[in-house]
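What the coordinates show
Chain residues, written in single-letter form:
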Amino acid sequence: MIGRLNHVAIAVPDLEAAATVYKDTLGATVSAPQDEPDNGVTVVFVELDNTKIELLYPLGENSPIAGFLAKNTSGGMHHVCYEVEDIIAARDQLVEKGARILGDGEPKIGAHKKPVLFLHPKDFSGTLVELEQV
Ligand SMILES: CC[C@H](C(=O)O)C(=O)SCCNC(=O)CCNC(=O)[C@H](O)C(C)(C)COP(=O)(O)OP(=O)(O)OC[C@H]1O[C@@H](n2cnc3c(N)ncnc32)[C@H](O)[C@@H]1OP(=O)(O)O
Ligand SMILES: [Co+2]
């Protein structure tokens, strides 16, 4: 079912500061901030040879990462994203296996303009898992 690691997301309390560390301290290529109002975040992408880092900052009143940052005031690893070929088939298999899909179970369009779903962290060793159809 899951394929490549598409990205690792880090929630940060200061997006500009975090992007500057990746750019100037770690010498990485970072994107400009990208507002994703449908997902309640502003994202900066750190492009690596073999995957991406997604720096996340809350956007709007009901950001899904606000609670996480309130508990983790320095920021922290927020989720991993695996690629799947068919997100509906993957969802249906996961539901059959007893995994919980977050939200209404229907894919949303993520930052890469692809369908994404999120799986409950409690079912995956305390790790929030995102699936992205590629
Ligand atoms: C622009 C799109 C981009 C992309 O890649 O395309 C994105 O990735 S958008 C990323 C932001 N969107 C989401 O994260 C959507 C899915 N997330 C959620 O629905 C929430 O974050 C949720 C439900 C996972 C947690 O919400 P919240 O923190 O408000 O709920 P609780 O405090 O009740 O938490 C419940 C339980 O889960 C634990 N938790 C919360 N967040 C995480 C996490 N990131 N990793 C691991 N565990 C997490 C939390 O500690 C609670 O555990 P408990 O033992 O009950 O205290
Ligand atoms: Co993501």
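This write-up is about the structure you can find in this document. (Residues numbered from 1 in each chain as written. Chains lettered and ligands numbered in written order. Predicted model: local features only at pLDDT ≥ 70, side-chain atom pairs only at ≥ 80, totals over all residues. Heavy atoms only, no water.)

So, the overall build of the protein chain
We count it as follows: Where helices and strands are cited, they refer to DSSP runs of H or I of at least four residues and of E of at least two residues respectively, numbered from the N terminus. For each residue, the accessible area found with a 1.4 Å probe, counting protein chains only, is set against the maximum for its type, and the residue is called buried under 20%, exposed over 50%, and partly exposed in between. Throughout, a residue-residue contact means that at least one pair of heavy atoms, one from each residue, lies within 4.5 Å. Accessible surface is estimated by sampling points in the Shrake-Rupley manner with a 1.4 Å probe; for residues, cover comes only from the protein chains shown. Only four residue types enter the charge count: Lys and Arg as positive, Asp and Glu as negative, with His and the chain ends excluded. Where a charge lies is defined by one atom per residue type, namely NZ (Lys), CZ (Arg), CG (Asp) and CD (Glu).
A tally of helices and strands in the protein chain yields three helices and nine strands. For the protein chain, the sequential pattern of α-helices and β-strands runs β-α-β-β-β-β-α-β-α-β-β-β. Seen through its principal axes, the protein chain has C-alpha atoms that stretch 45 × 30 × 25 Å. The buried share among the 134 residues of the protein chain stands at 40%. The long-range fraction of contacts in the protein chain, counting pairs at least 24 apart against all pairs at least 6 apart in sequence, stands at 55%. Split by element, the accessible area of the protein chain, about 7600 Å² in all, is 53% carbon and sulfur. Here the protein chain contributes 11 positively and 20 negatively charged side chains, and the mean placements of these two sets differ by 4 Å.

Overview of the pairing of strand 4 (residues 41-47)
Within a regular beta strand, the side chains point alternately toward one face of the sheet and then the other, so they alternate between its two faces. To keep things clear, this is the line we draw: Here a strand pair is declared whenever DSSP counts at least two bridges between the two strands.
The element strand 4 is largely enclosed, with a buried count of six among its seven residues. Alignment of strand 2 (residues 29-30) against strand 4, held across two bridges, turns out to be antiparallel. Note that in strand 4 the partner of Val30 across the bridge is Val46. Note that strand 3 (residues 34-36) and strand 4 share three bridges and pair antiparallel. Its bridge partner being in strand 4, Gln34 is matched across the sheet by Val43. In this structure, strand 4 lies alongside strand 5 (residues 52-58), joined through seven bridges in antiparallel fashion. By the bridge assignment for strand 5, Thr42 is matched with Tyr57.

Observations regarding the pattern of salt bridges
Here is the rule: Between Lys or Arg on one side and Asp or Glu on the other, a salt bridge is scored when a side-chain nitrogen of the former is within 4 Å of a carboxyl oxygen of the latter.
Inspection of the entire model under this criterion finds six salt bridges. As a salt-bridge pair, Glu83 and Arg4 come within 3.1 Å of each other at their nearest N and O atoms. Residue Glu83 is located in strand 6 (residues 76-84), and its partner Arg4 is located in the segment before strand 1 (5-11); the two are separated by 79 residues in the primary sequence. Glu83 gets classed as buried once you look at its relative accessible area, which sits at 9%. Residue Arg4 is classed as exposed on the basis of its relative accessible area of 55%. As a salt-bridge pair, Glu106 and Arg91 come within 3.1 Å of each other at their nearest N and O atoms.

Quick look at the coordination of the cobalt ion (ligand 2)
Rules: Metal sites are built from N, O and S donor atoms within 2.8 Å, or 3.2 Å for Na, K and Ca, and they leave out water, so they may look incomplete. For four-coordinate sites, all angles between 85 and 135 degrees define a tetrahedron; for four- and six-coordinate sites, opposite donors beyond 155 degrees with the remaining angles between 65 and 115 define square planar and octahedral shapes respectively, and all other cases count as irregular.
Protein coordination at the cobalt ion (ligand 2): the donors are His7 (NE2), Glu54 (OE), His79 (NE2) and Glu130 (OE), at 2.0 to 2.5 Å from the metal. The coordination sphere of the cobalt ion (ligand 2) comprises six donor atoms, whose angles at the metal cover 80 to 177 degrees; the geometry is octahedral. With relative accessibility at 5%, the residue Glu130 sits in the buried group.

Section: helix 3 (residues 87-96)
We apply this condition: Throughout, the arc means the angular range of directions from the helix axis out to the C-beta atoms. The term polar contact refers here to a pair of N or O atoms within 3.5 Å; inside protein, the definition further demands a hydrogen-donor-capable atom paired with an acceptor-capable atom, and it admits residues adjacent in sequence only when both atoms are side-chain atoms.
When we look at burial in helix 3, the residues that qualify are Ile87, Ala90, Arg91 and Leu94. Take helix 3 and look down its axis: the buried residues cluster within an arc of 100 degrees, on one side only. Against strand 6, strand 8 (115-119) and strand 9 (128-133) lie the buried residues of helix 3. The distance from a side-chain oxygen at the start of helix 3 to the backbone nitrogen of Ile88 is 3.1 Å, and the residue carrying that oxygen is Asp86. One or two steps after helix 3, the chain reaches Gly98, where phi turns positive at roughly 90 degrees.

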